[in-house]
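# Chain and residue survey
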Amino acid sequence: MKSFPIVILGGGVVAGYAAKEFVALGGKKGDLAIVTAENVLPYERPPLSKGFLTGKEEAGDIQISGAAFYRKHGIAMYRSFPVGKVDLHRHRLRSSSGELIGFEKLLIATGSTVRRLQMPGADQPGIFYLRQLRDAQRIYAQIKRGKRAVVIGSGFIGMEVASVLASRGVQTTMVFPEDRVWEHQFTPLVSTFFETQFSKHGITVMNNEKVVALTHKNRQCQVVLASGNEVPTDFVVAGIGVIPAVELFHRTPLDTHDGIQVNEFLETTMPGIWAAGDVANYPDRIFRRRRRVEHWDNAVEQGRVAMRNMMDKLQPFIHVPYFFSDVFDLSYEFWGDASGHDKVVYRGTMDHKQLSVWWLKKRTLCAALIMNRPEEERRYAPRWILRRPQLDPKALQHARTLKSLDTTFGRQE
């Protein structure tokens, strides 16, 4: 049995950036192994619904580090190594074929898996999900063959995929059960703005519609809705969320409720076992609640921090939640957590596609969405969420620059 001082279970974003941190901290050759069921090196996931689907990027372009990096630094890569059992007491990983890998310290970076449609016809060909590189490759190939598509879901993935499909000349319909696009994340004004953009690009938006079945006949799929409507399509892409990949740990001492529970250093209740990325449920010291974040930035930063802690460079994970997205020619960024807000402030104008939205709770900033706005707004948004200065809503709305409102200069984070 081959054994390593540090093993990362999972080959995604966490693994790629944790490996870079390992090297930056002077990790020794032969001390780190990455174990993944995929047959590829760790890669960036955001391009899967952006540049890769548009054909602007290829598989090699989205690698976090090339093969030479892992060879040079003596990092063992176990690809196509699906782990069937984890023995945390004996510090062993067992592959589905029975091969063993030992570890002294383990970083669980198994990520998440897509929620799948549970309805008649959902197991037929022509139903796609987007999570891994191979998923993006299959959808990319389908775009060349299919002229019509239905995207189920209006969240992060649904919006991006729909925009890419439409830009590639696919007649696209978005179907979702909520009142408006990404209802739990956007304000009504922002949802309306994006729905208008979708319509301008030829996307049909069907809100308040629940998919109840998928019928297949003569290579054509009909998306059957609870209202009785049916939408003919050549293929379907479902973006209805993900669930943390914790199946391997159900019969272990780890707490797997909504992900694997970790402390502020990303260590689990078992010494020597850490978790990071989509799978980690951590205590957010900024918002004073436990959370699990399913975005690239979180995986990058947690991968780095977890590796630092595994190498005895203790650092708590204190980070403002963040994500970015591209929809057609629009790029926007989001920081924080808007839940519990009591005031929303808008800056800029929708007409010029320049907008920022500021969510306040008791006059402190809890979240911000920024699209095509001055750079200073990108600087102050995470700064204010972290440092929690008191803000006057009217002053925030009308200030020509945000510097005049900043009271955090010189304060320690």
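Before any of the text, the structure's been laid out above.
A few points on the structure. Predicted model only: the values in this text are computed from it and were never measured.

Conventions adopted
- Residues numbered from 1 in each chain as written.
- Predicted model: local features only at pLDDT ≥ 70, side-chain atom pairs only at ≥ 80, totals over all residues.
- Heavy atoms only, no water.
- Helix = DSSP H or I, 4+ residues; strand = E, 2+ residues; numbered from the N terminus.
- Rg over C-alpha atoms; globule rule 2.2 N^0.38 Å.
- Buried < 20%, exposed > 50% of the residue type's maximum accessible area, 1.4 Å probe, protein only.
- Contact = heavy atoms within 4.5 Å.
- Pairing = 2+ DSSP bridges.
- Axes fitted to C-alpha atoms, helices over the stretch in contact; angles between N-to-C directions.
- Polar contact = N/O pair within 3.5 Å; in protein donor to acceptor, adjacent residues only side chain to side chain.
- Parallel < 35°, antiparallel > 145°, perpendicular 65-115°, else oblique.
- Left-handed = near helix turned anticlockwise from the far one by under 90°.
- Nonpolar A, V, L, I, M, F, W, Y, C, P; charged D, E, K, R; others polar.
- Expected span 1.5 Å × (residues − 1).
- Arc of directions from axis to C-beta.

## Notes on the overall build of the protein chain
Looking only at helices and strands, the protein chain features 9 helices and 25 strands. What you see for the protein chain is a C-alpha radius of gyration of 23 Å, in line with the 22 Å of a compact globule of 413 residues. For the protein chain, the C-alpha atoms occupy an extent of roughly 65 × 60 × 40 Å along the three principal directions. The 413 residues of the protein chain split such that 53% are buried. By sequence separation, contacts in the protein chain at least 24 residues apart represent 62% of the contacts at least 6 residues apart.

## A look at the sheet that holds strand β12 (residues 211-217)
Across the sheet, 3 strands lie side by side as β12-β13-β14; this open sheet has antiparallel pairing. Two strands lie at the open edges of the sheet, namely β12 and β14 (230-233), each paired on one side alone. When strand polarity is set aside, the average angle formed by the axes of neighbouring strands in this sheet is 20°.

## Side note on the sheet that holds strand β25 (residues 364-371)
One open sheet holds the 5 strands; their spatial order is β21-β22-β25-β24-β23, and the pairing between them is antiparallel. The sheet is open, and its two borders are formed by β21 (322-327) and β23 (343-349), each paired with just one other strand. Put simply, the sheet's adjacent strands are angled 15° from each other on average, direction ignored. Summarising the sheet, β23 and strand β24 (residues 354-361) pair through 7 bridges and their orientation is antiparallel. Note on β24: the bridge partner recorded for Thr 349 is Gln 354. Set on the sheet, helix α5 (residues 156-167) makes contact with β21 and β22 (330-336); between it and β21 the angle comes to about 25°.

## Considerations on the side chain of Asp 337
Within the secondary structure, Asp 337 sits in the loop between β22 and β23. For Asp 337, a relative accessible area of 11% puts it in the buried group. A distance of 2.9 Å separates the side chain of Asp 337 from the side chain of Arg 289, its partner in a polar contact. Of note is the side chain of Asp 337, whose polar atom sits 2.7 Å from the side chain of Ser 339. Those residues in contact with Asp 337, other than ones at most four positions away along the chain, are Phe 287, Arg 289, Arg 291, Cys 366 and Ala 367.

## Points about the packing of helix α1 (residues 13-24) against helix α7 (residues 296-310)
The interhelical angle for the contact between α1 and α7, taken along N-to-C directions, is 40°, at an axis separation of 8 Å. One way to sum up the angle between α1 and α7 is to call them oblique. Considering how the two elements wind past one another, α1 and α7 form a crossing that is right-handed. Mapping the contact onto sequence places Val 13, Val 14, Tyr 17, Ala 18, Glu 21 and Phe 22 in α1 and Trp 296, Ala 299, Val 300, Gly 303, Arg 304, Met 307 and Arg 308 in α7. Here the contact of α1 with α7 is built from residues that sort into 9 nonpolar, 1 polar and 3 charged.

## Overview of helix α6 (residues 188-200)
The end-to-end C-alpha separation of α6 is 18 Å, in line with the 18 Å expected for 13 residues at 1.5 Å each. Regarding α6, the residues found buried are Val 190, Ser 191, Phe 193, Phe 194, Gln 197 and Phe 198. The buried residues of α6 all sit within an arc of 160° when viewed along its axis, so they share a single face. Trailing α6 by a residue or two, Gly 202 shows a phi angle of about 85°, which is positive.

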